[in-house]
Amino acid sequence: MDYIKTDEGILLKDAKDFQPRHIFECGQCFRWNAMPDGSYKGVAEGRTLRVKKNGRDILFAGTDEQEFRDFWVGYFDLERDYRAIKAELSRDQVLKQAIEFGYGIRILKQDIWETMVSFIISANNWIPRIKATVERLSSHYGQEQVYKGETYYSFPSPARLAQLTEEDIMLCGCGFRAKYVLKAARIVAGGQVDLHSLAGMNTTDARAALLCFPGIGPKVSDCIMLFSMAKLDVFPVDVWVKRVMEHYYLKRDTRPAEIRQFAAGKFGALAGVAQQYLFYYARSTMGRFTSK
DNA sequence: TTGCAGGGGTCAA
DNA sequence: TTGACCCCTGCA
């Protein structure tokens with residue numbers, strides 16, 4: 001990882017395996033937004049950042065070396081060798097295509113609590129609405145911060161959400177998921193489950209613990225583990241992944257558990273990364289309403 | 001203009 | 001295994 005300090009922030013040199021569009025549009029995060037100049041602005045754990053591709057380099061604007069090393073390097077998984085991962089996965093011809101399409105994807109390491117709530121909200125929902133709901137929760141109940149004259153809001157803590165009523169949360173656009181969000185907040189704020197200890201568990205135990213939360217089923221639990229705990233072996237199966245897997249590898253109407261098992265056998269410890277390439281590829285190339 | 005299906009799943013019967 | 005679920009969007 002080779003970077004230099006500039007007036008604007010940190011410049012990551014010759015970052016071939018980093019494409020902001022792929023990272024932020026592949027469905028793993030909900031608080032990064034494209035700007036007219038092609039950069040992305042986002043909020044993560046109370047920090048704000050603008051990320052822009054400059055030729056072969058990546059500019060991280062609005063941060064300094066200390067924060068970059070202490071936080072963003074981990075957040076963007078910059079110490080992992082994605083070139084090696086892609087080489088390994090590209091031995092499969094379908095993955096090879098998917099990787100050529102989404103070559104700059106990286107798996108973010110996001111805040112566990114925010115990821116948990118975001119993916120509870122994602123059930124039977126679609127991305128623009130999930131983003132709007134997460135944004136409303138943050139602007140109503142998060143901490144306000146001003147950066148370069150613009151106001152941002154951090155994602156509200158479990159304790160803050162635990163004080164609310166189901167109706168308060170419903171008003172942010174959560175719909176029937178409001179009761180799940182509130183219960184999750186009360187479980188975490190009450191200390192019944194320590195989310196950070198889940199990250200230290202093996203995948204099987206962490207999944208079992210997550211499935212105890214109402215509103216968290218197999219797909220949501222796997223997304224939480226993949227996008228906030230760096231558990232790269234999980235393979236979340238949603239409607240798009242099901243479609244792409246059935247199209248290229250399996251027969252129609254294969255059950256999600258069977259798809260997960262197949263992926264574990266085929267992609268092993270890298271199944272989660274493979275899932276993201278496949279998901280992004282499927283969403284972008286298979287059309288919005290495919291009957292397959 | 002109105003009505004209806006459907007959406008990054010989960011729960012309960 | 002199946003239907004309901006917030007509610008907004010796209011389409012006929």
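In the block above lies the structure referred to throughout.
On a predicted model such as this, the values are computed, not experimentally measured, just so you know. (Residues numbered from 1 in each chain as written. Chains lettered and ligands numbered in written order. Predicted model: local features only at pLDDT ≥ 70, side-chain atom pairs only at ≥ 80, totals over all residues. Heavy atoms only, no water.)

A. How the structure looks around the protein's contact with DNA strand B. As a structural note, the neighbourhood of DNA strand B is formed by 27 residues, with Gly27, Trp126, Ile127, Gly215 and Gly217 the closest of them. For DNA strand B, the fraction of protein-proximal atoms (within 4 Å) that sit in sugar or phosphate groups is 55%. The contact in question runs from a base nitrogen of DNA strand B to an N or O atom on the backbone of Gly27, over 2.2 Å. Between Asn124 and DNA strand B, the recorded distance is 3.1 Å, taken from a side-chain N or O atom to a base oxygen. For the surface near DNA strand B, the secondary-structure elements that each account for two or more residues are helix H6 (127-141), helix H12 (218-228) and helix H13 (239-248). When residues in the surface near DNA strand B are grouped by element, the largest group, five residues, is from H12. Of the residues in the surface near DNA strand B, the class split is 17 nonpolar, six polar and four charged. (Near = heavy atom within 4 Å. Polar contact = N/O pair within 3.5 Å; in protein donor to acceptor, adjacent residues only side chain to side chain. Helix = DSSP H or I, 4+ residues; strand = E, 2+ residues; numbered from the N terminus. Nonpolar A, V, L, I, M, F, W, Y, C, P; charged D, E, K, R; others polar.)

B. Region of interest: the packing of aromatic side chains. Evaluated as defined, the whole model comprises 23 aromatic pairs. For the ring pair Phe71 and Trp72, a centre distance of 4.7 Å and an interplane angle of 80 degrees mean the geometry is edge-to-face. Assessed through its relative accessible area of 0%, Trp72 is described here as buried. Each residue in the set Tyr3, Phe18, Phe24, Trp32, Tyr40, Phe60, Phe68, Phe71, Trp72, Tyr75 and Phe76 is aromatic and connected to the rest through ring pairs, giving one cluster. Above the plane of the ring of Phe176 lies Arg177, whose end atom (NZ or CZ) is 4.3 Å from the centre. (Phe/Tyr/Trp six-rings, centres within 6.5 Å; stacked < 30°, edge-to-face > 60°. Buried < 20%, exposed > 50% of the residue type's maximum accessible area, 1.4 Å probe, protein only. Lys NZ or Arg CZ within 6 Å of the ring centre and 35° of its normal.)

C. A look at the sheet that holds strand S2 (residues 9-12). An order of S1-S2-S6-S5-S4-S3 is seen for the six strands of this open sheet, with the pairing classed as antiparallel. Since the sheet does not close on itself, it has two edges, and those belong to strand S1 (3-5) and strand S3 (32-34), each with one partner. Here the average twist between neighbouring strands, direction ignored, is 20 degrees. When S2 meets strand S6 (residues 57-61), the two strands line up antiparallel, connected through four bridges. Each bridged residue has a counterpart across the sheet, and for Leu11 the counterpart in S6 is Leu59. Packing against the sheet, helix H2 (residues 65-75) makes contact with S1, S2, S3, strand S4 (40-44), strand S5 (47-54) and S6, and its axis sits at approximately 80 degrees to S5. (Pairing = 2+ DSSP bridges. Axes fitted to C-alpha atoms, helices over the stretch in contact; angles between N-to-C directions. Contact = heavy atoms within 4.5 Å.)

D. Looking closely at unusual backbone geometry. Phi at Asp14 takes a positive value of approximately 50 degrees, unusual for a residue other than glycine. Judged by relative accessible area, Asp14 falls into the partly exposed class, the value being 35%.

E. Focus on the pattern of salt bridges. In total, this model carries 16 salt bridges according to the counting rule given. Beyond isolated ion pairs, a larger network of salt bridges with shared partners links Glu8, Asp37 and Arg50. (Salt bridge = Lys/Arg side-chain N within 4 Å of Asp/Glu carboxyl O.)

F. Examining the protein's contact with DNA strand C more closely. The local shell around DNA strand C consists of Asn124, Trp126, Arg129, Gly175, Phe176, Arg177 and Arg255. Each atom of DNA strand C within 4 Å of the protein belongs either to a base or to sugar and phosphate, the latter forming 52%. Taken together, the residues that form the surface near DNA strand C break down as two nonpolar, two polar and three charged.

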